[in-house]
Amino acid sequence: MKIIKSAEKWKSLEAGGFLKNRTIGFVPTMGALHEGHLSLVRRSKKENAVTVVSIFVNPAQFNDKNDLKNYPRPLQEDIKMLEAEKTDFLFLPDSGRMYADGYAYRVTEQDISKTLCGAYRPGHFDGVLTAVMKLLNIIGADRAYFGEKDYQQYLLIKGMAEAFFMNTKIIPCPIVREADGLAMSSRNRLLEPGERKRAPLFPALLARRLPPERIKKELSAGGLRPEYVKERWGRRFGAVKLGKVRLIDNVPAPPFKKSLSADAVWRRRLGGI
Ligand code: PAF
């Protein structure tokens, strides 16, 4: 696996003709990789000639300084995992270069980004969209892969790629769960052992045929601190805190109607349905 640390280096590979006539699949991450990330890498490898993974802990998307400070950064472990998957390239930019403009320029969305996680994490989705726009512009991939655990993020990135006529196709990939149902997340490794034991209550309750308010009560009774449980777009979304760790998840909304596709969500928003 070749490690590329700057946009200029990547562009010089392009200019050198190495990537000519090869489809590029891209998996943007913030590192602390797990099976969920690896499922995206495997999908990309199946569908493209070249797979690029980025690891960039994007400061602009952290609304809480301690969350940024404590975010896990096991780079050597990550590199080994990516090498085992025969990833072609790891893009490892630094934040000074990524935000040479001091974050003066940013991408803002005015609708979907204000609900669910956006209501609790001011500025978070501006940070995500800005970083993803920069990464997509640098890598110039044919396809980019995003996990549906961050479903709201996926919808927003897909909407951005379409709104700005970007060339990369945004591809959603199913949530990967631990054997006990907990959605895989880089933040799971920050849970204390007692918190980790209680965490599977979150996906289990989200999937129950109970009204969202009742689920929140049951989560509190189980020692989790719910932020929200809400239904949108045929899915049920939740966020909880366990100790210092914030977890999010989503499931098809009971009684398990079919969820809307991302295209249908955007058509509705634009008044097309
Ligand atoms: O989901 C993530 O890991 C991040 O939000 C992303 C998409 C890499 C942007 O920084």
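Use the structure listed above.
Here the structure is a predicted model, which means the values were calculated and not measured.

Procedures and definitions
- Residues numbered from 1 in each chain as written.
- Predicted model: local features only at pLDDT ≥ 70, side-chain atom pairs only at ≥ 80, totals over all residues.
- Heavy atoms only, no water.
- Helix = DSSP H or I, 4+ residues; strand = E, 2+ residues; numbered from the N terminus.
- Buried < 20%, exposed > 50% of the residue type's maximum accessible area, 1.4 Å probe, protein only.
- Pairing = 2+ DSSP bridges.
- Near = heavy atom within 4 Å.
- Polar contact = N/O pair within 3.5 Å; in protein donor to acceptor, adjacent residues only side chain to side chain.
- Areas by Shrake-Rupley, 256 points an atom, 1.4 Å probe, with all protein chains shown as cover.
- Nonpolar A, V, L, I, M, F, W, Y, C, P; charged D, E, K, R; others polar.
- Axes fitted to C-alpha atoms, helices over the stretch in contact; angles between N-to-C directions.
- Parallel < 35°, antiparallel > 145°, perpendicular 65-115°, else oblique.
- Left-handed = near helix turned anticlockwise from the far one by under 90°.
- Contact = heavy atoms within 4.5 Å.
- Arc of directions from axis to C-beta.

Draft legend 1. Quick look at the side chain of Arg-187. Within the secondary structure, Arg-187 is located in the loop between β6 (169–173) and α9 (193–198). The class of Arg-187 is buried, set by a relative accessible area of 15%.

Draft legend 2. Inspection of the pairing of strand β9 (residues 245–252) at higher detail. Counting buried positions over the eight residues of β9 gives seven, a clear majority of the element. In the sheet, strand β8 (residues 235–242) pairs with β9 via eight bridges, with the strands oriented antiparallel. Bridging across to β9, Ala-239 finds its partner in Ile-248. Adjacent in sequence and paired antiparallel, β8 and β9 are bridged by two residues, among which Gly-243 carries a positive phi angle near 60 degrees.

Draft legend 3. Focus on the site of the ligand. Lining the immediate environment of the ligand, one finds Pro-28, Thr-29, Met-30, Asn-58, Gln-61, Val-132, Phe-146 and Gln-153. Between the ligand and Gln-61, the relevant distance is 2.6 Å, taken from an oxygen atom to a side-chain nitrogen or oxygen of the residue. Within the side chain of Gln-153, an N or O atom sits 2.7 Å from an oxygen atom of the ligand. In isolation the ligand exposes 290 Å². Once the protein is present, 89% of that is buried. Looking at the shell around the ligand residue by residue, the classes come out as four nonpolar, four polar and no charged.

Draft legend 4. Quick look at the packing of helix α7 (residues 124–139) against helix α8 (residues 151–163). At a minimum axis distance of 10 Å, the contact between α7 and α8 shows a crossing angle of 50 degrees. Put simply, α7 runs oblique to α8. For α7 against α8, the interelement crossing comes out right-handed. The segment α7 lies against α8, with Phe-125, Val-128, Leu-129, Val-132 and Met-133 engaging Gln-152, Gln-153, Leu-156, Ile-157 and Met-160. Broken down by class, the residue content of the contact of α7 with α8 amounts to eight nonpolar, two polar and no charged.

Draft legend 5. View of helix α4 (residues 75–84). Along α4, the positions that sit buried rather than exposed are Asp-78, Ile-79 and Leu-82. Down the axis, α4 shows its buried residues gathered within 100 degrees of arc, on one side only. Across from the buried face of α4, at angles greater than 90 degrees, the exposed residues are Gln-76, Lys-80 and Ala-84. Packed against the buried residues of α4 are β1 (2–4), α2 (35–47), β3 (50–55) and β4 (89–91). Following α4 by one or two positions, Lys-86 has its phi on the positive side, about 60 degrees.

On their own, these measurements won't tell you what the molecule is for.
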